[in-house]
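Notes for the structure review
Listed below, chain by chain, are the residues.
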Amino acid sequence: MGSKDAAAASGGRSQHMQTDTGSEWEAVFVDPIGQVVQQRWADAVLAVTFEELEPVSAFPVVPGRRWGPGQWWSATTGRHVACGSAAMRTQLMVLDRDPEVVGLAGRPVRLLWRDTRGQVRSWVPQLFARHRDGTALLADYPSHPEAGGERAQRAATVLEEACAQAGWSYRRLEPLEKTLSANLKWLAGYRHPRNAGRPRLAAAVREVFAQPRPLIEGAEAVGDPIEVLPAVFHALWHGHLTTPLDVPLNERVLVSTGVGGANGRGGPGSGDGR
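The sections below set out a description of the structure shown in this document. (Residues numbered from 1 in each chain as written. Predicted model: local features only at pLDDT ≥ 70, side-chain atom pairs only at ≥ 80, totals over all residues. Heavy atoms only, no water.)

Right, let's get into the pairing of strand 2 (residues 36-40). One ladder, built from 5 bridges, connects strand 1 (residues 26-30) with strand 2; its direction is antiparallel. Along strand 2, the bridge assignment pairs Ala 27 with Gln 39. In this structure, the hairpin formed by strand 1 and strand 2 is closed by a connection of 5 residues, where Gly 34 is found at a positive phi of approximately 90 degrees. (Pairing = 2+ DSSP bridges. Helix = DSSP H or I, 4+ residues; strand = E, 2+ residues; numbered from the N terminus.)

Attention shifts here to the packing of aromatic side chains. The geometry of two aromatic rings is summed up by the distance between their centres and the angle between their planes. One pass over the full model with this rule turns up 8 aromatic pairs. The interplanar angle of 90 degrees and the centroid separation of 5.8 Å between the aromatic rings of Trp 186 and Phe 233 together place this pair among those described as edge-to-face. Placement of Trp 186 in helix 5 (residues 178-188) and of Phe 233 in helix 8 (residues 225-238) is noted, with a sequence separation of 47 residues between them. Assessed through its relative accessible area of 45%, Trp 186 is described here as partly exposed. (Phe/Tyr/Trp six-rings, centres within 6.5 Å; stacked < 30°, edge-to-face > 60°. Buried < 20%, exposed > 50% of the residue type's maximum accessible area, 1.4 Å probe, protein only.)

In this section: unusual backbone geometry. Phi is positive for Arg 107, close to 50 degrees, though the residue is something other than glycine. Within the secondary structure, Arg 107 sits in the loop between strand 5 (101-106) and strand 6 (110-114).

With that out of the way, let us pick up the nonpolar core. Counting 41 residues, the largest nonpolar core has Leu 92, Val 205, Val 232 and Leu 241 as its most contacted members. The biggest single contributor to this core is helix 8, with 7 residues. Phe 50, Ala 105, Phe 128 and Ala 156 belong to the second largest nonpolar core, which has 27 residues in total. (Core = buried A, V, L, I, M, F, W, Y, C linked by side-chain atoms within 4.5 Å.)

Our focus in this paragraph is the packing of helix 3 (residues 86-96) against helix 5. For the pair helix 3 and helix 5, interaxial distance at closest approach is 10 Å and the crossing angle is 70 degrees. Relative to helix 5, the element helix 3 lies roughly perpendicular. Residues Arg 89, Thr 90, Met 93 and Val 94 of helix 3 lie in contact with helix 5, whose contacting residues are Ser 181, Leu 184, Lys 185 and Ala 188. Taken together, the residues of the contact of helix 3 with helix 5 sort by class into 4 nonpolar, 2 polar and 2 charged. (Axes fitted to C-alpha atoms, helices over the stretch in contact; angles between N-to-C directions. Parallel < 35°, antiparallel > 145°, perpendicular 65-115°, else oblique. Contact = heavy atoms within 4.5 Å. Nonpolar A, V, L, I, M, F, W, Y, C, P; charged D, E, K, R; others polar.)

Attention now moves to helix 5. Those residues of helix 5 that fall on the buried side of the exposure criterion are Leu 180, Ser 181, Asn 183, Leu 184, Leu 187 and Ala 188. Along the axis of helix 5, the buried positions cluster into a sector of 165 degrees, meaning they face one direction only. If you check the start of helix 5, you find a side-chain oxygen 3.0 Å away from the backbone N of Thr 179, and it comes from Glu 177. (Arc of directions from axis to C-beta. Polar contact = N/O pair within 3.5 Å; in protein donor to acceptor, adjacent residues only side chain to side chain.)

Right, let's talk about the environment of Arg 121 for a bit. Residue placement: Arg 121 occurs in strand 7 (residues 120-123). When its relative accessible area of 25% is taken as the criterion, Arg 121 is described as partly exposed. Between the alpha carbons of Arg 121 and Arg 151 there is a distance of 9.6 Å; along the sequence they are 30 residues apart. Reaching out from Arg 121, the side chain makes a polar contact with the side chain of Gln 119 at a distance of 2.5 Å.

All right, on to the sheet that holds strand 1 then. Through backbone hydrogen bonds, the strands of a sheet pair up, either in parallel or in antiparallel fashion. Sheet architecture is open: 4 strands sit in the order 2-1-6-7, paired in antiparallel fashion. At either end of the open sheet lies a strand with only one pairing partner, and these are strand 2 and strand 7. Going across the sheet, the axis of each strand differs from the next one's by a mean of 25 degrees, ignoring polarity. The sheet contact formed by strand 6 and strand 7 spans 4 bridges and is antiparallel. Within strand 7, the residue paired with Trp 113 across the bridge is Arg 121.

This is the structure in structure tokens:
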């Protein structure tokens, strides 16, 4: 991105930025009343609740692509998150299910800096996630490691340094394995509270799976599977129940109330893609 584009993105204001080898960057975002704001990155990370902001730039519509920009309803926040593609939706599912994530937003901030030749550069990470401890994650979801070319690789280096200075992290998220992705998509369909069932049903579901047992066997022990299964899937999404997600969900998978392991409901970096 050239200096004219960067100036336009920041409302036409010109501010000092050190080179990408320095320690100073600028953040551009749209504040709650719809005004474009540019300020020092170091100040923005302390004062701005990025998880509550609208995208600083719209997700592009790509002709011929089967899935375009939309909204993801977050079970974590109860709000919609701007979403640019099916790949981003999958990554949102992972973060929305992470118990350490308390806030989510799509493209809420643009980072500006000058390269070693003094040219203004910028990058808009696709995802923002706020953690329970107040730290945050900025992330992109390339379709393959070389996606975006040299520009993306240089931006990743800058973002890693800027986030590290703030005590945050930046990651280029890898695509999920197909079985895990399919299982999460299925469970996500039951993430809304309306699928939890009556309080007595939710309690009975947790009780019946106190010890590992096949999914259908436990559901039938509680009552009519048509009523019980949505509550089971809701509990699996929210981590009240756990089951391996690296094998296709079926009526015989073992379900329990045990702590999620490598494929149940672990934290970032576990086998469920977090």
